[in-house]
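Structural characterization, general
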Amino acid sequence: MEVIDLRQAIVRRVQDNSAKELSEVIEDSIGADERTLPGLGVLFEMIWQQSSEPEQGRMVDSLYKHLHHSEHANPSQ
């Protein structure tokens, strides 16, 4: 029996999805039950690792602005 970790399981679950299906996975997970957070984290990790420094900077800036300029900094908004 093959043993896989959580990251591998999440990647295998979505690796054959189309771009539309990946978008749906993300949209359906945002604001959903907290059980989806590890999956979003793995997907974000993949994006982060493949992003250039300027792209990473834009993501950090966007997150920072959301956290510091939103009234409630609600992650599901």
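What you see is a predicted model, and the numbers here were worked out from it, not measured in a lab. (Residues numbered from 1 in each chain as written. Predicted model: local features only at pLDDT ≥ 70, side-chain atom pairs only at ≥ 80, totals over all residues. Heavy atoms only, no water.)

Comments concerning the overall build of the protein
For the protein, the helix and strand inventory stands at 4 helices and 0 strands. Ordered by position from the N terminus, the helices and strands of the protein form the series α-α-α-α. Split into buried and exposed, the 77 residues of the protein put 10% on the buried side. Looking at the protein alone, contacts between residues at least 24 apart form 31% of all its contacts between residues at least 6 apart. (Helix = DSSP H or I, 4+ residues; strand = E, 2+ residues; numbered from the N terminus. Buried < 20%, exposed > 50% of the residue type's maximum accessible area, 1.4 Å probe, protein only. Contact = heavy atoms within 4.5 Å.)

Considerations on the environment of N17
As for its placement among the helices and strands, N17 is situated in the loop between α1 (6-14) and α2 (19-29). Residue class for N17 comes out partly exposed when judged on its relative accessible area of 24%. Not counting residues within four places of it along the chain, the set of residues in contact with N17 comprises L22 and V25.

A look at the packing of helix α3 (residues 37-49) against helix α4 (residues 53-69)
Two numbers describe how α3 lies on α4: the axes approach to 9 Å, and their chain directions differ by 135°. The angle between α3 and α4 falls in the class oblique. The segment α3 lies against α4, with F44, I47 and W48 engaging Q56, M59 and V60. (Axes fitted to C-alpha atoms, helices over the stretch in contact; angles between N-to-C directions. Parallel < 35°, antiparallel > 145°, perpendicular 65-115°, else oblique.)

Observations regarding the layout of surface pockets
Taken as a whole, the second largest pocket holds about 250 Å³ of empty space. Along its surface, the second largest pocket is lined by 13 residues, and I10, R13, V25, S29 and G39 are the ones closest to its centre. Only α1, α2 and α3 provide two or more residues apiece to the lining of the second largest pocket. Looking at the lining of the second largest pocket, its residues break down into 7 nonpolar, 4 polar and 2 charged. (1 Å grid on protein atoms, 1.4 Å probe; cavity = no way out; pocket = protein on both sides within 12 Å on 5 of 7 lines; lining within 4 Å. Points joined across faces, edges and corners; volume = space filled by probe spheres on them. Nonpolar A, V, L, I, M, F, W, Y, C, P; charged D, E, K, R; others polar.)

Some points on the pattern of salt bridges
In total, this model carries 3 salt bridges according to the counting rule given. Put simply, K20 and E24 hold a salt bridge, and the shortest N to O gap is 2.5 Å. Placement of both K20 and E24 in helix α2 is noted, with a separation of 4 residues, approximately one turn of the helix. Classification of E24 as partly exposed rests on a relative accessible area of 35%. (Salt bridge = Lys/Arg side-chain N within 4 Å of Asp/Glu carboxyl O.)

Things to note about the side chain of Q56
Secondary-structure assignment places Q56 in helix α4. Other than its neighbours up to four places away in sequence, Q56 contacts W48 and S51.

Comments concerning α3
Helix length check: α3 (13 residues) gives 18 Å between terminal C-alpha atoms against 18 Å at 1.5 Å per residue, within 8%. Of the residues making up α3, those classed as buried are G39, V42 and L43. Taken down its axis, α3 places every buried residue within 95° of arc, on the same side. In this structure, the buried side of α3 is in contact with α1 and α2. (Expected span 1.5 Å × (residues − 1). Arc of directions from axis to C-beta.)

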